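Fold and geometry: a report
Residues per chain, in single letters:
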Amino acid sequence: MSGNSAGPGAAVIVGGNRIPFARANGAYARASNQDMMIAALDGLVARFGMSGESVGEVAAGAVLKHSRDFNLTRESVLGSRLSHTTPAYDVQQACGTGLEAVVLVANKIALGQIDSGIAGGVDSASDAPIAVSDGLRHTLLASNRARTPMDRARALTGFRPGHLVPEIPRNSEPRTGLSMGEHQAITTAQWQVSRESQDVLAAASHHNLAAAYDRGFFDDLVTPYLGLVRDQNLRADTSVGKLALLTPVFGRGDDATMTAGNSTPLTDGASAVLLASPEWAAERQLPALARVVDAETAAVDYVNGDEGLLMAPAYAVSRLLARNGLSLQDFDYYEIHEAFASTVLVTLAAWQSEKFCHDRLGLDAPLGAIDRSKLNVNGSSLAAGHPFAATGGRIVASLAKQLSVKGSGRGLISICAAGGQGVVAILEAL
Amino acid sequence: MRDRYSDLVNSRSGKTVAGMLGLPRPAKLRRYVPGQPLLVGAAVVKGVAGAPLLPEIRQVLASMAVPDVSDAATPDVATPDVATQDVVAAQASPSPAGPSLSRPSPSGSAPRLGAVVIDASAARVIEDLESLRAALAPCLRRLSPCARIVLVGTPPESLADPTAAATQRALDGIIRSVAKELRGGATANLIYAGQGPGAALESPLRFLLSARSAYVDGQVVRVAPADVRAPTDWSRPFAGQVVVVTGAARGIGASIVEIFARDGAHVICLDVPAAGEALARVANRVAGTALQVDITAADAGQRIAAHVAQRHDGRLDIMVHNAGITRDKLLVNTDAEWWGSVLGINLGAQLRLNEVLLDPELRGGLAEGGRIVSVSSLSGIAGNRGQASYAASKAGVIGMVQALAAQVADRGITVNAVAPGFIETEMTARIPLATRELGRRINSLGQGGQPVDVAETIAWLAQGASAGVTGQVVRVCGQSLLGA
């Protein structure tokens, strides 16, 4: 595929909406994924005057999902002000969910299969699904299969008190048992990322996000929800000095550099992005902020191989640049998801590393450095928080608006995801 | 919020008890529902002296299918020599719905009257007022609940002769007194119609006769000859039009949004970003658009215009300035911050937005023939203890409306204000009980108004057909004693 870049079929981003992100067990402690997804959709509908109207499809998802939410996105559509004739499906690619949903919708628009669509994502770390243990589940299923009361009684004798311990979702990789932070701590140590550089990045994230709120940048990107008006995790008055006081939570000894301040907190929230063909947007006199140029997904072997869990975006970007004939410096804005400050810093270091670019990416020369003043200019996940599946929508809408405000240029999005994956994309001003 | 006293004295048993104790019983006001008959009962149309506007008034009523029971045998135009007789029923009229009148029933089979319209525009001498009395008095005994009295006069300030001016000004005193005399939710209002082609009369007449003006009582409205655009459908006067409503997330603003949407407009619902959740609900309810903008931001006007330019071919028909805050404190205790925030939001922002949106060069600004309606307040007319800042801003709105109306008249743009009295909202629900009860009762209708009453009045002023009404402040107060 030749990255159908600026072709006439390319999808444009009309706009986006999200609810302010809340810290886990904070403002949205009692909101479900569906509640939040509906709120994000309804805010989007109100912004574009689409109450009662239909779009080609809605693609969205959540990472932490209750079994009852098997059709989360469609159910959210039915609860929203969109027309009930709007089809919907769930997407799940860990933290890449939101961006992958954008790619899916954009591709269908580019192919002419639909003329408009909404991509989104939602996650609640507060209203997490707690499951019964496998032991209890097997016992109950066996009892359910039983045909006679005797069989049923026999099946229930399989019950043990230990079965009552519930299964609570954990932020860890099933194949390594390590949490994401523990994985990243290994990578951080490998790349020798200093504590201070992480804190500097975290402070910049908060300051950039606060400044964007103050100048009204989010007035048409965020709709308050349940009394929350700005992201709950935002600390406008934080500083490198304050962040330096925090005790590391990941890593060991001298390598323990990752703190609660330079790692994203567990967060609740939802986002949605309206995409369309340029014609569809023009007919409805809706804005077109930016074009979806191309996207790429990569995965690394962090289980048996020696690559870091969150390094896949470094590979994906390299391939994406090659396909589009671009250099890493050909961008006006870089949106690198701040899973951890060190994720961003390691990714940047890898692109500058001759060895990494040669050995891992197969390049003759390193991709090089970027102008740090173009990085996460309106803040990113360290400040806003990171409701896993909602982050992609947050970034796409914000970058599209930033490009529209500038009136020209190109932006690169890079999002790392659990399972050693990474989703990256290019947006371009119209 | 609920008016529990009214609920009680209007309940089946409460009615009896209230009657025995002689307690006032506020009537349940008839409010507009699309498709309802204009009046409960028939109308009587009369004139005194020359009554040059009678044909037009009759035509308006006929176009609204109102049974006219002005008896053919009775001269339409009474003179001091020919005493006006009580009209006799010429046809059956719809029987009045709703509670019975507190007045004694009229004798005979005379029909209940839904409205009495009297053209007194040619009255020039004191004797004409006797004709008016003789024409009006008998009708007052036969009014339906929520009946309408509308007097049409000539602006006294347009008359050089002292006797003529005095006679016309007398109408003001008459209508205000009659409004206080009426019971059962009936209202009385006066239109001073300027000289010239009279078509501009239709819109105020329709409004004051209809249930849309439920809480407008004892008011005087001036209408000048104008280039009137009558709507093709009076029930959807805003079809194809775009209106911006500030402060749209709740209370009166949300009601304004609903009324404009009901009457055909696309509504851009504007409020501060912090009110976005409620704003989105309001906008989605009417398939409008939510626009989160702080009107005090330096670029607020440009952002509104840019939105209109992008989404509505750059055509903004109506701007409703409803956003407002209160920071109540005695002046002696008010600091610069509170003072500034009230004046900045309630007045400064409106002035700045108007300046931007009235720039004829600006795409997305207010269209030629557009409408500006501002929400003032009785506090801005009467003042209120502890509300010096609020009263300053709301009085300032009146000054703005009057000056601006003259400035943009040549562009066919009208600028008006409504001054709500006691309206049942979340804001008034927070007033302490005793103060709240007083505020509610000290008006001729004995009750607070609803947000929809303010909204209907704003929508009326914003109609194309209201071109003759500009620079006016219409009180929506049930003829409150405050500032009257």
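The rules we used
Residues numbered from 1 in each chain as written. Chains lettered and ligands numbered in written order. Predicted model: local features only at pLDDT ≥ 70, side-chain atom pairs only at ≥ 80, totals over all residues. Heavy atoms only, no water. Helix = DSSP H or I, 4+ residues; strand = E, 2+ residues; numbered from the N terminus. Rg over C-alpha atoms; globule rule 2.2 N^0.38 Å. Buried < 20%, exposed > 50% of the residue type's maximum accessible area, 1.4 Å probe, protein only. Contact = heavy atoms within 4.5 Å. Areas by Shrake-Rupley, 256 points an atom, 1.4 Å probe, with all protein chains shown as cover. 1 Å grid on protein atoms, 1.4 Å probe; cavity = no way out; pocket = protein on both sides within 12 Å on 5 of 7 lines; lining within 4 Å. Points joined across faces, edges and corners; volume = space filled by probe spheres on them. Nonpolar A, V, L, I, M, F, W, Y, C, P; charged D, E, K, R; others polar. Patch = residues over 30% accessible without salt bridge, like charges linked within 9 Å, V, L, I, M, F, W, Y side chains within 5 Å. Salt bridge = Lys/Arg side-chain N within 4 Å of Asp/Glu carboxyl O. Buried area = accessible area lost by both parts, 1.4 Å probe. Pairing = 2+ DSSP bridges. Phe/Tyr/Trp six-rings, centres within 6.5 Å; stacked < 30°, edge-to-face > 60°. Lys NZ or Arg CZ within 6 Å of the ring centre and 35° of its normal. Domains from an automatic or database assignment. Polar contact = N/O pair within 3.5 Å; in protein donor to acceptor, adjacent residues only side chain to side chain.

To continue, consider the overall build of chain A. Along its length, chain A carries 14 helices and 12 strands. Its C-alpha atoms give chain A a radius of gyration of 22 Å, near enough to 22 Å, the size a compact globule of 430 residues would have. Across its three principal directions, the C-alpha atoms of chain A cover 75 × 60 × 45 Å. Taking all 430 residues of chain A together, 58% fall into the buried category. Across chain A, every contact between residues at least 6 apart in sequence was considered, and the portion connecting residues at least 24 apart equals 78%. Total accessible area computed for chain A in this model is approximately 16,900 Å², and 52% of it derives from carbon and sulfur atoms.

Before going further, it helps to spend a moment on the layout of surface pockets. Residues and elements named next belong to chain A. Within this model, the second largest pocket holds a volume of roughly 1,100 Å³. Forming the boundary of the second largest pocket are 42 residues, of which Arg 170, Asn 171, Met 180, Leu 266 and Phe 388 lie nearest the centre. Secondary structure elements with two or more residues in the lining of the second largest pocket: helix H6 (180-190) and strand E6 (248-250). Across the lining of the second largest pocket, the residue classes break down as 22 nonpolar, 15 polar and 5 charged.

Another point: a nonpolar patch on the surface. Together, Val 17, Met 20, Leu 21 and Leu 23 of chain B line one region of the surface with nonpolar side chains, adding up to about 420 Å² of accessible area. Assignment of secondary structure puts Leu 21 of chain B in helix H2 (residues 12-21).

This part covers the interface of chain A and chain B. At the interface, 22 residues of chain A touch 18 residues of chain B. A combined buried area of about 1,600 Å² lies between chain A and chain B, and 43% of that area is made up of carbon and sulfur atoms. When the area that chain A buries against chain B is broken down by residue, the three leading residues are Ala 46, Asp 219 and Gln 285 of chain A, summing to 38%. Notably, a salt bridge pairs Asp 219 of chain A with Arg 303 of chain B, separated by 2.7 Å at the nearest N-O pair.

All names here are of chain A. By the criterion of burial, strand E5 (residues 116-123) is predominantly enclosed, with 8 of the 8 residues buried. Burial of the side chains of E5 extends over both faces: Ser 116, Ile 118, Gly 120 and Val 122 are buried on one face and Gly 117, Ala 119, Gly 121 and Asp 123 on the other. Taken together, the 3 bridges between strand E3 (residues 57-60) and E5 define a ladder with parallel strand orientation. Paired with Val 58 across the bridge in E5 is Ile 118. Across 8 bridges, the pairing between E5 and strand E8 (residues 267-276) is antiparallel. Across the sheet, residue Gly 120 finds its bridge partner in E8, namely Ala 272.

Enumeration over the complete set of coordinates arrives at 9 aromatic pairs over all chains. With centroids separated by 5.2 Å and ring planes inclined at 80°, the aromatic side chains of Phe 217 of chain A and Phe 218 of chain A adopt a geometry described as edge-to-face. Across the pair, exposure class does not vary: Phe 217 of chain A and Phe 218 of chain A are buried alike. Ring plane angle 0° and centroid distance 4.4 Å describe the contact between Phe 207 of chain B and Trp 460 of chain B, whose orientation is recorded as stacked. Highlighted residues: Phe 207 of chain B in helix H6 (residues 202-209) and Trp 460 of chain B in helix H15 (residues 451-462), separated in sequence by 253 residues. The burial state of Phe 207 of chain B is the same as that of Trp 460 of chain B; both residues are buried. Aromatic ring contacts, followed pair by pair, group Trp 191, Tyr 315 and Phe 356 of chain A into a single cluster. The cationic tip of Lys 401 of chain A hangs over the ring face of Phe 217 of chain A; the distance from NZ or CZ to the ring centre is 4.7 Å.

This brings us to the domain arrangement of chain B. Residue and element names in this part refer to chain B. Each assigned domain of chain B is listed here: domain 1 (1-30), domain 2 (34-94 + 110-223) and domain 3 (242-476). Put simply, the middle of domain 1 and the middle of domain 3, counted by C-alpha atoms, are 33 Å apart. If you look at the interface, domain 1 gives 8 residues, while domain 3 gives 10 residues. Interface of domain 1 and domain 3: buried area, both sides summed, is about 730 Å²; carbon and sulfur atoms make up 52% of it. For the interface between domain 1 and domain 3, the tally reads 0 salt bridges. At the boundary of domain 1 and domain 3, one finds 1 residue pair in polar contact (both at pLDDT 80 or more).

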